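# Observations on the model geometry
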Protein chains: 2
Amino acid sequence: MIDETHDPALPCWVPEAAGHPDFPIQNLPLGIFSPPGGTPRGGVAIGGYILDLGACHAAGLLDGLAEAAIDLTLDALLTQGVAARRALRSAVSRLLSGPSQPALLHRATECSVHLPMSVGDYTDFYAGIHHATNVGRLLRADVPLTPNYKWMPLGYHGRASTVRPSGAPLRRPNGQRKRATDAEPSFGPSRNLDYELELGIWIGTGHATDAPMPIGEAASHIAGFCLLNDWSARDIQGWEYQPLGPFLGKSFFTTISPWIVTPEALAPFRAAQPTRPTDDPQPLPYLWDEADQAGGALGLTLEIWIRTAAMRAAGMPPHRLARSSALDLYWTPAQLVAHHASNGCNLRSGDLLGSGTISSATQGSEGSLLELTRGGREPFALAGGESRRFLEDGDEVTLTGHAVRDGFATIGFGPCVGTVLSAA
Amino acid sequence: MIDETHDPALPCWVPEAAGHPDFPIQNLPLGIFSPPGGTPRGGVAIGGYILDLGACHAAGLLDGLAEAAIDLTLDALLTQGVAARRALRSAVSRLLSGPSQPALLHRATECSVHLPMSVGDYTDFYAGIHHATNVGRLLRADVPLTPNYKWMPLGYHGRASTVRPSGAPLRRPNGQRKRATDAEPSFGPSRNLDYELELGIWIGTGHATDAPMPIGEAASHIAGFCLLNDWSARDIQGWEYQPLGPFLGKSFFTTISPWIVTPEALAPFRAAQPTRPTDDPQPLPYLWDEADQAGGALGLTLEIWIRTAAMRAAGMPPHRLARSSALDLYWTPAQLVAHHASNGCNLRSGDLLGSGTISSATQGSEGSLLELTRGGREPFALAGGESRRFLEDGDEVTLTGHAVRDGFATIGFGPCVGTVLSAA
């Protein structure tokens, strides 16, 4: 639903909010932050600042709607669902376009950010069809996609305890690695550390065990979206993953952008799910909803940037590695949620779903180094003369994502950043 | 450490405790229960009763050691580690062998049991080598085990939100299934529902992200053990599991026995890890500890029982499907924990690890119907004239586990029961 909160001419008294690349007043993403010396609480990113929902509530503002945000997570707020989220968005929009109240703000650079929800379970899907095809080609040149790929959203359970907010450094994992030329595996630091560009989906309203979930209801369980970097140690993964799938090659770290961009903020950027090739199967009825096909996809431009230690030392800006589109997901967010619940598995407020790595069809859109360097065989040249097959210690990787449409203010996720530390 | 709490001649004032097949005074497993009309709290299973740790603490008993058990989970108690667990065990043992105090007890049959810990993350391993071999043979007759099997404990992340205590009925899952003769998959109730007999391992003291975990320290993170039924929908699993491993074929339900049998209770039943065949690889140093090899395995006899709706109607007792031994795990519990932490992944109090399905080498020891009926091809005859390829609605499956040693009281886990309801 597009309403007055999306008006591109909406005034805002917060400095730097107008024209902010991620957080103008038309976005209003939710998160958990700590101001200097303060405890964690709910907030709204606005320009270079954070609106303190705890302070708003204490001042009797926002009609009591922010009460549930005075907590260590947004679970209690976001479990309330669409109507509560919309009411809060409208109230915050009015507050920020009304008379100036700078005491409610903190400078974002002076605050720390936390996980916005409790991450009860984290599930990682594989819905980026160009990524799945690119990776499949490295393993099985003739039949890159497994026979089930176009019938259902493939996914696996990920590790919830190592999901971290943007800015937390990650340590290169140790593990068992075995090159084709090695007679035996050895244990040591991963030699093939990679990133994966994904969209994260936060569950707001949970879903009971065994309860049917019609596909038309699935989107109502989504509280919002983030960027997600599914860091992957390709050598550990390659040696361990048969027959049970990814485990220690991915469980060491997952980085998310800390602000939940809501379905309300993204309403103007909804798109039709791209038409499938005619020889692709028609999705089974539990995954098929006309309204979801007509407007359930997300028109988002996603980018990956790298800045090496040498680039930082030389004062160089980040180098862009790739740009892709969320329209290259083969399944909509609602289809991922409906499939997840289809076997009777419950969903809880705070569950996190990854979309799978998003690559587009063209060169320069690869969502991982595995694809960009063809399994490490073709090094990628960086500005400044360096090159990468896989990540080196000190490399800083940043994901960004933006929604752009004529006649609307551009909104974004804010950066999703992680810097690689040397192995323990 | 074997001490006075293991004395087989220890008196106990609780009725039915002496000679109880699971819960004599030498066991003292911990759990969370609700007495009739009461709220959840910590307890100790003793004979046919539950000792109320909340009531003990309120009465000034147990030297304040039970204070952390007055909570909705045992996380706060069990994160304290070995010394706190030992002190509580000694105090409870003295209390139950001293003067009678029946007001501290509730009849177990009148109470409800809950999950004992919070299950932050649930990981399922695959350490039962005979199971892995049996299953591998169905898929790849010539090379049943993948090349990595004997080098590391294989595992995958499971779904934490659907772990349930014994007694909770499970609904047959719906999902995509595709028989070899089907041109396309269809969505509907699983036709090949199965159980899997596993040992569960509870993490007590957590472990920090990136912190090294020497294998000699790994066992100290284990708070105790339970039985675990990793219910599996073989048809859903078979169609979905390539390339990312098990997902909806297992995420619908996992049943555990609700009492945590502690390492202290199991001290007399520790055993050497069986010697590996000489052509098996020597485990890498991060998985190798002499003391763990000498006494880190568990001598447990495990059984699977079935009672169908027709058997219940006829008043027939359960029929035993299999009996196996936990000594047929290829890796010790400490090796599973050390491998899990080896890439820097943190562990949290309440994390649950499954061992993988435990089958022994001989016929009659198969830990799943998949093995027992050779993928459903050879129906298994039950007392009363019925037979099973896979589970039918109304089937009640019970796992049991016991530790038996001459000169010591037998202890057990109590039953791990689930009954199959028809699909939604």
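Look up a bit, the structure's there.
Just so it is clear, the model here is predicted, and its values are computed rather than measured.

## Structural notes on the interface of chain A and chain B
Listed as interface residues are 55 residues of chain A and, on the opposing side, 55 residues of chain B. Of the roughly 5400 Å² buried where chain A meets chain B, counting both sides, 60% is carbon and sulfur surface. The interface formed by chain A and chain B includes six salt bridges. Across the pair Arg171(A) and Asp210(B) runs a salt bridge, and its minimum N-O distance is 3.6 Å.

## Describing the pattern of salt bridges
Applying the stated criterion across every chain, the model contains 42 salt bridges over all chains. We note a salt bridge from Glu303(A) to Arg320(A), for which the minimum N-O separation is 2.9 Å. Of this pair, Glu303(A) sits in strand β19 (residues 301-307) while Arg320(A) sits in strand β20 (residues 319-325), placing them 17 residues apart in sequence. Among the ionic pairs, Arg234(B) bridges to Asp194(B), the shortest N-O distance being 2.9 Å. Placement of Arg234(B) in helix α6 (residues 234-240) and of Asp194(B) in strand β12 (residues 193-194) is noted, with a sequence separation of 40 residues between them. The network of salt bridges with common partners includes Asp194(A), Glu196(A), Asp230(A), Arg234(A) and Lys250(A).

## Concerning the relation of the copies chain A and chain B
By a simple turn and slide, chain A fits onto chain B: the slide is 0.0 Å along the axis, the RMSD is 0.0 Å, and the turn is 180°. When the rotation and shift are considered jointly, the pair of chain copies conforms to a two-fold rotation axis. In terms of proximity to the rotation axis, the leading residue of chain A is Gly245(A), whose C-alpha is 2.2 Å off the axis. Here 100% of the interface residues in chain A have copies in chain B that are interface residues too; the copies meet face to matching face.

## Observations regarding the sheet that holds strand β2 (residues 41-46) of chain A
Sheet strands pair via backbone hydrogen bonds, and the direction of the pair is either parallel or antiparallel. Residues and elements named next belong to chain A. Spatial strand order, β4-β3-β2-β1-β5: five strands in an open sheet with antiparallel pairing. Lying at the two open borders of the sheet, with one neighbouring strand each, are β4 (105-107) and β5 (112-114). Taking each pair of neighbouring strands and ignoring which way they run, the sheet shows an average axis angle of 50°. The pairing of strand β3 (residues 49-52) with β4 spans three bridges and is antiparallel. Bridged to Tyr49 within β4 is Arg107. The strands touched by helix α3 (residues 82-97) are β1 (30-34), β2 and β3; relative to β3, the strand with the most contacts, the crossing angle is about 115°.

## Examining the packing of aromatic side chains
One pass over the structure, following the stated rule, counts 14 aromatic pairs over all chains. With 5.7 Å between their ring centres and 85° between their planes, Phe125(A) and Phe247(B) make a pair best called edge-to-face. One end of the pair, Phe125(A), is in strand β6 (residues 122-125); the other, Phe247(B), is in the loop between α6 and β16 (254-256), on a second chain. Like Phe125(A), the residue Phe247(B) is buried in the burial classification. Note that Arg276(A) overlies the ring of Tyr330(A), its terminal NZ or CZ placed 3.9 Å from the centroid. One cation-aromatic arrangement involves Arg276(A) over Trp331(A); the distance from NZ or CZ to the ring centre is 4.6 Å.

Each value, and the rule that gives it
- Residues numbered from 1 in each chain as written.
- Chains lettered and ligands numbered in written order.
- Predicted model: local features only at pLDDT ≥ 70, side-chain atom pairs only at ≥ 80, totals over all residues.
- Heavy atoms only, no water.
- Contact = heavy atoms within 4.5 Å.
- Buried area = accessible area lost by both parts, 1.4 Å probe.
- Salt bridge = Lys/Arg side-chain N within 4 Å of Asp/Glu carboxyl O.
- Helix = DSSP H or I, 4+ residues; strand = E, 2+ residues; numbered from the N terminus.
- Least-squares fit on C-alpha atoms with pLDDT ≥ 70 in both.
- Pairing = 2+ DSSP bridges.
- Axes fitted to C-alpha atoms, helices over the stretch in contact; angles between N-to-C directions.
- Phe/Tyr/Trp six-rings, centres within 6.5 Å; stacked < 30°, edge-to-face > 60°.
- Buried < 20%, exposed > 50% of the residue type's maximum accessible area, 1.4 Å probe, protein only.
- Lys NZ or Arg CZ within 6 Å of the ring centre and 35° of its normal.

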